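Here are the chains, one letter per residue:
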Amino acid sequence: MAANSSDCTDKEQPKLKLYSYWRSSCSWRARIALNLKGLSYEYKAVNLLKGEQFSPEFSKLNPINYVPVLVDEDIVIADSFAILMYLDEKYPQHPLLPCDLQKKAINFQAANIVSSSIQPLQNLLVLNYIEEKLGSDEKIAWAQNQIGRGFSALEKLLEGISGRYATGDEIYLADVFLAPQIHAAITRFKLDMKVKGKRHRQG
Ligand SMILES: N[C@@H](CCC(=O)N[C@@H](CS)C(=O)NCC(=O)O)C(=O)O
């Protein structure tokens, strides 16, 4: 029996919800991926400066109180890397990873330098703590130093690999992590991006 239009498999995209803060680089990663894949979503603003990440409703979604959180019907994903991997499997249009294994590994490495070795060292919690203990000059110096270390490593990693984008002429995972971090480095932390190589103290 031929399928009629009511049971056809061409289902509408389920309504995704993204809990996000506009300035958060981690949230921005999720927003870029959603846009690259052409997915619509409901934007749920969480104002980190007002402490909305600590509200009881948000704590239920993410007990560690960080944005972003993606909700896809009954699936809740509270981490940008996990969100991107989930979206890439569920919505394969505009893949975030190249087929070439070496390029794929470099994309993972670049994303993890940003997400493990840069961003956690300059997040709001850390910066507020440094400001409280040591003052605002040290806060900026600390952030610039950590970002500089990460960028120097990224420059070496991507040497000979990059094209128009981080790993060639297509936008992949590495770019989704790099773009918000570069933006934050320039606009929030006033890092001089023209200096190549050593921008940081040792240690
Ligand atoms: N590994 C997590 C880190 C999330 C994270 O650090 N989010 C920051 C914004 S970029 C945050 O919510 N900070 C709130 C705070 O520091 O109180 C991810 O990639 O999603």
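Throughout what follows, the structure given in this document is the object of discussion. Remember, it's a predicted structure, so these values are computed and weren't measured experimentally.

Observations concerning unusual backbone geometry
Here is step 1 of the chain: Cis geometry is found at the peptide bond from Val67 to Pro68, where omega equals 5°.
Here is step 2 of the chain: With a phi close to 45°, His94 is a non-glycine residue in the positive phi region.
Here is step 3 of the chain: The backbone phi angle of Lys190 is positive, close to 50°, even though this residue is not glycine.
Here is step 4 of the chain: Residue position: Lys190 is located in the segment after helix H7 (173-187).
Here is step 5 of the chain: Given the relative accessible area of 60%, Lys190 is considered exposed.

A look at helix H4 (residues 101-118)
Here is step 1 of the chain: When the terminal C-alpha atoms of H4 are compared, their 25 Å separation across 18 residues agrees well with the 26 Å that a helix rising 1.5 Å per residue should span.
Here is step 2 of the chain: A maximum bend of about 30° is found in H4 at Asn112.
Here is step 3 of the chain: When H4 is considered as a whole, its buried residues turn out to be Ile106, Asn107, Ala110, Ala111, Ile113, Val114, Ser115 and Ile118.
Here is step 4 of the chain: Packing partners of the buried residues in H4 comprise helix H1 (25-36), helix H3 (80-90), helix H6 (136-158) and H7.

Examining the site of the ligand
Here is step 1 of the chain: Inspection of the region around the ligand gives 14 residues, with Cys26, Gln53, Val67, Asp79 and Ser80 positioned closest.
Here is step 2 of the chain: In this structure, Ser80 approaches the ligand through a side-chain N or O atom, which is 2.6 Å from an oxygen atom.
Here is step 3 of the chain: Taking Leu125, its main chain carries an N or O atom lying 3.4 Å from an oxygen atom of the ligand.
Here is step 4 of the chain: When the free accessible area of the ligand is taken as 520 Å², the share hidden by the protein chains comes to 88%.
Here is step 5 of the chain: Sorting the residues of the shell around the ligand by element identifies H1 and helix H5 (124-134) as the ones contributing at least two each.
Here is step 6 of the chain: Counting residues per element, the shell around the ligand draws most heavily on H1, at three residues.
Here is step 7 of the chain: Split into classes, the residues belonging to the shell around the ligand amount to seven nonpolar, five polar and two charged.
Here is step 8 of the chain: Here the shell around the ligand gathers at least three residues from each of two domains, domain 1 (16-90) and domain 2 (101-189).

Brief notes about the sheet that holds strand E4 (residues 75-77)
Here is step 1 of the chain: Spatially, E2-E1-E3-E4 is the arrangement adopted by the four strands of the open sheet, whose pairing is mixed. One side of each edge strand has no neighbouring strand; the edge strands of this open sheet are strand E2 (41-45) and E4. Each neighbouring strand pair of the sheet contributes to a mean axis angle of 15°, computed without reference to strand direction.
Here is step 2 of the chain: Docked against the sheet, H1 engages strand E1 (16-20) and E2, running at close to 150° with respect to E1.
Here is step 3 of the chain: Sheet contacts for H3: E1, strand E3 (69-72) and E4; angle to E3, the most-contacted strand, approximately 30°.

So, the environment of Leu39
Here is step 1 of the chain: For Leu39, the location among the structural elements is in the loop between H1 and E2.
Here is step 2 of the chain: Residue classification places Leu39 among the buried positions, given a relative accessible area of 6%.
Here is step 3 of the chain: The sequence separation of Leu39 and Gln93 amounts to 54 residues, and the corresponding C-alpha distance is 9.9 Å.
Here is step 4 of the chain: Those residues in contact with Leu39, other than ones at most four positions away along the chain, are Gln13, Leu16, Leu34, Leu87, Tyr91 and Gln93.

Calculation criteria
Residues numbered from 1 in each chain as written. Predicted model: local features only at pLDDT ≥ 70, side-chain atom pairs only at ≥ 80, totals over all residues. Heavy atoms only, no water. Helix = DSSP H or I, 4+ residues; strand = E, 2+ residues; numbered from the N terminus. Buried < 20%, exposed > 50% of the residue type's maximum accessible area, 1.4 Å probe, protein only. Expected span 1.5 Å × (residues − 1). Bend = angle between axes of the 7 residues up to and from the residue. Contact = heavy atoms within 4.5 Å. Near = heavy atom within 4 Å. Polar contact = N/O pair within 3.5 Å; in protein donor to acceptor, adjacent residues only side chain to side chain. Areas by Shrake-Rupley, 256 points an atom, 1.4 Å probe, with all protein chains shown as cover. Nonpolar A, V, L, I, M, F, W, Y, C, P; charged D, E, K, R; others polar. Domains from an automatic or database assignment. Pairing = 2+ DSSP bridges. Axes fitted to C-alpha atoms, helices over the stretch in contact; angles between N-to-C directions.

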